[in-house]
Amino acid sequence: MTSPPPPRSRSSDAQSGSATLVALRGIDKTFANGTLALSGLDLDIRENEFVSLLGPSGCGKSTALRILAGLIPASRGDVAWTGGGSAEDHRGEIGFVFQEPTLMPWATVADNVFLPLRLRGVSRRDAADAIASSLDLVGLSRFAHAYPRELSGGMKMRVSIARALSLRPRILLMDEPFAALDEITRFKLNDDLLRLQREFGCTVVFVTHSVYESVYLSTRIVVMAARPGRIVAEIPVAAPTPRSEAFRTTPLYGTLCREASAALHEAMGPADDTDPAHADH
Ligand code: ADP
Ligand code: MG
């Protein structure tokens, strides 16, 4: 039996904010059916930043995130962790949140959050503190003994985030986690996510196709285009943090949304401009 890892340092040192944590270098991905999903992807992820991958459906956002997590291999190129090691070596430092909460319906909230620790051989007793603090971070301490069917969509997503935090990851990879939620819940979870990133001190890579969400959350937006999936623009979001609802009404927010929106439209190309499937919401 091993003990759960200790909480990570909450340092917000400016130096650590600029050091590269992990980088994608020259990544190509061709699937078995011949689909070229990514071509020549280069991306540095720095400590403590909040990077959004923004792009239309099919531009390879999920593929890039999965390669970063080591869930699927690249066809070419490297995932370079600072200090060395493969994705396998860094597995315990990566938290992954999918679009669907993917909870075990027969298990309580606490047992769902326990899962990654259990898979690593941590006993339930040794995991108790990590489970409790993860639930506290997402504001669900009172629901530890509830079952998923008793929770709203937003609460299920919080459990999924708490589960990803249970291993105290250095980097949280999130694949359109709020896309299926109503707007009010989504805004609330946006704020909760920023707060927990602040309190917990981790790096976030967040996939979205929402311009507004990417501007609100990110310190940097990476815009991708399809066929083949590639990076076409990077937009630094130099707005002060911590952010709150008031940010949504500032001129800077409006300017950044227009900039990101223009980059996204350019990424989609003229043929897609009239396609409602690509409309942002
Ligand atoms: P996004 O997340 O941006 O919507 P994806 O990364 O899911 O895009 O997909 C990028 C491209 O790769 C799409 O054309 C998609 O159809 C294709 N693709 C994704 N997964 C597979 C797979 N397992 N096999 C074949 N093609 C795939
Ligand atoms: Mg996707």
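Please refer to the structure placed before this passage.
Residues numbered from 1 in each chain as written. Chains lettered and ligands numbered in written order. Predicted model: local features only at pLDDT ≥ 70, side-chain atom pairs only at ≥ 80, totals over all residues. Heavy atoms only, no water.

(A) Just the environment of Ala 225, in detail. Mapped onto the fold, Ala 225 is located in strand β8 (residues 220–225). A relative accessible area of 1% means that Ala 225 is categorised as buried. The spacing of Ala 225 and Cys 59 is 166 residues in sequence and 5.3 Å in space, taken between C-alpha atoms. Once residues within four sequence positions are removed from consideration, Ala 225 is found in contact with Cys 59, Arg 230, Val 232 and Ala 267. (Helix = DSSP H or I, 4+ residues; strand = E, 2+ residues; numbered from the N terminus. Buried < 20%, exposed > 50% of the residue type's maximum accessible area, 1.4 Å probe, protein only. Contact = heavy atoms within 4.5 Å.)

(B) Quick peek at the side chain of Arg 168. You can see Arg 168 is positioned in the loop between α4 (153–165) and β6 (171–175). Of note is the side chain of Arg 168, whose polar atom sits 2.7 Å from the backbone oxygen of Leu 165. (Polar contact = N/O pair within 3.5 Å; in protein donor to acceptor, adjacent residues only side chain to side chain.)

(C) Geometry of the sheet that holds strand β4 (residues 76–81). Across the sheet, which stays open at both edges, the three strands sit in the order β2-β1-β4 with antiparallel pairing between neighbours. Each edge of the open sheet is held by one strand with a lone partner, namely β2 (36–46) and β4. Averaged over all adjacent pairs, the angle separating strand axes in this sheet is 10 degrees, with direction ignored. Bridge count between strand β1 (residues 20–30) and β2: seven bridges; the pairing is antiparallel. What sits directly across from Ala 23, in β2, is Asp 44. Packing against the sheet, helix α1 (residues 61–69) makes contact with β1, β2 and β4, and its axis sits at approximately 125 degrees to β1. (Pairing = 2+ DSSP bridges. Axes fitted to C-alpha atoms, helices over the stretch in contact; angles between N-to-C directions.)

(D) A look at the sheet that holds β6. Ordered in space as β5-β6-β7-β3-β8-β9, the six strands form an open sheet in which the pairing is mixed. Each end of this open sheet is capped by a strand with a single partner; those strands are β5 (94–97) and β9 (230–236). The average undirected angle you get between the axes of adjacent strands in this sheet is 15 degrees. As defined by bridge partners, β5 adjoins β6 across four bridges and the pair is classed as parallel. Across the sheet, Val 97 pairs through a bridge with Met 174, a residue of β6.

(E) Spotlight on the site of ligand 1. Phe 31, Asn 33, Thr 35, Ala 37, Pro 56, Ser 57, Gly 58, Cys 59, Gly 60, Lys 61, Ser 62 and Thr 63 make up every residue found near ligand 1. A distance of 3.2 Å separates an oxygen atom of ligand 1 from a polar backbone atom of Cys 59. In this structure, Lys 61 approaches ligand 1 through a side-chain N or O atom, which is 2.9 Å from an oxygen atom. Expressed as a share of its isolated accessible area of 560 Å², the protein-covered part of ligand 1 is 62%. A total of three residues in the shell around ligand 1 trace back to one element, the largest contributor, which is α1. Its residues assigned to classes, the shell around ligand 1 shows four nonpolar, seven polar and one charged. (Near = heavy atom within 4 Å. Areas by Shrake-Rupley, 256 points an atom, 1.4 Å probe, with all protein chains shown as cover. Nonpolar A, V, L, I, M, F, W, Y, C, P; charged D, E, K, R; others polar.)

(F) Molecular detail of unusual backbone geometry. In the segment running from Arg 227 into Pro 228, the intervening peptide bond is cis, with an omega of -10 degrees. Summarising the element assignment, Pro 228 is placed in the loop between β8 and β9. Here the residue pair Thr 241 and Pro 242 is connected by a cis peptide bond, since its omega of -5 degrees sits within 30 degrees of zero. If you trace the backbone, Pro 242 turns up in the loop between β9 and α7 (251–268).

(G) Structural detail: the environment of Arg 168. Arg 168 sits in the buried class, given a relative accessible area of 5%. Sequence spacing of Arg 168 and Ala 130 is 38 residues, and the spatial spacing of their C-alpha atoms is 8.3 Å. Of the polar contacts made by the side chain of Arg 168, one reaches the side chain of Ser 134; its length is 3.2 Å.

(H) Main features of the pattern of salt bridges. By the definition in use, this model includes 15 salt bridges. Across the pair Glu 245 and Arg 248 runs a salt bridge whose closest N-O atoms are separated by 3.2 Å. Since its relative accessible area comes to 15%, Arg 248 is described here as buried. The network of salt bridges with common partners includes Arg 158, Lys 188, Asp 192, Arg 195 and Glu 199. (Salt bridge = Lys/Arg side-chain N within 4 Å of Asp/Glu carboxyl O.)

(I) The arrangement of the nonpolar core in detail. Judged by nonpolar contacts, the single largest core of 59 residues is most densely connected at Ile 161, Leu 172, Met 174, Phe 178, Leu 193 and Val 215. The element that contributes the greatest number of residues to this core is α7, accounting for eight residues. When sequence neighbours within four positions are dropped, the list of residues in contact with Met 174 reads Leu 65, Val 97, Ile 161, Leu 193, Val 204, Val 205, Phe 206 and Val 207. Core analysis: the next-biggest nonpolar cluster, separate from the first, contains 26 residues, Leu 43, Val 51, Leu 68 and Met 224 among them. (Core = buried A, V, L, I, M, F, W, Y, C linked by side-chain atoms within 4.5 Å.)

(J) The arrangement of the packing of helix α2 (residues 109–119) against α4 in detail. Interhelical geometry of α2 versus α4 gives an angle of 35 degrees and a closest axis separation of 7 Å. For the element pair α2 and α4, the recorded crossing hand is right-handed. Contacts between α2 and α4 involve Val 109, Asn 112, Val 113 and Pro 116 from the first element and Val 159, Ala 162 and Arg 163 from the second. Taken together, the residues that form the contact of α2 with α4 break down as five nonpolar, one polar and one charged. (Left-handed = near helix turned anticlockwise from the far one by under 90°.)

Worth remembering: the numbers are spatial, not functional.
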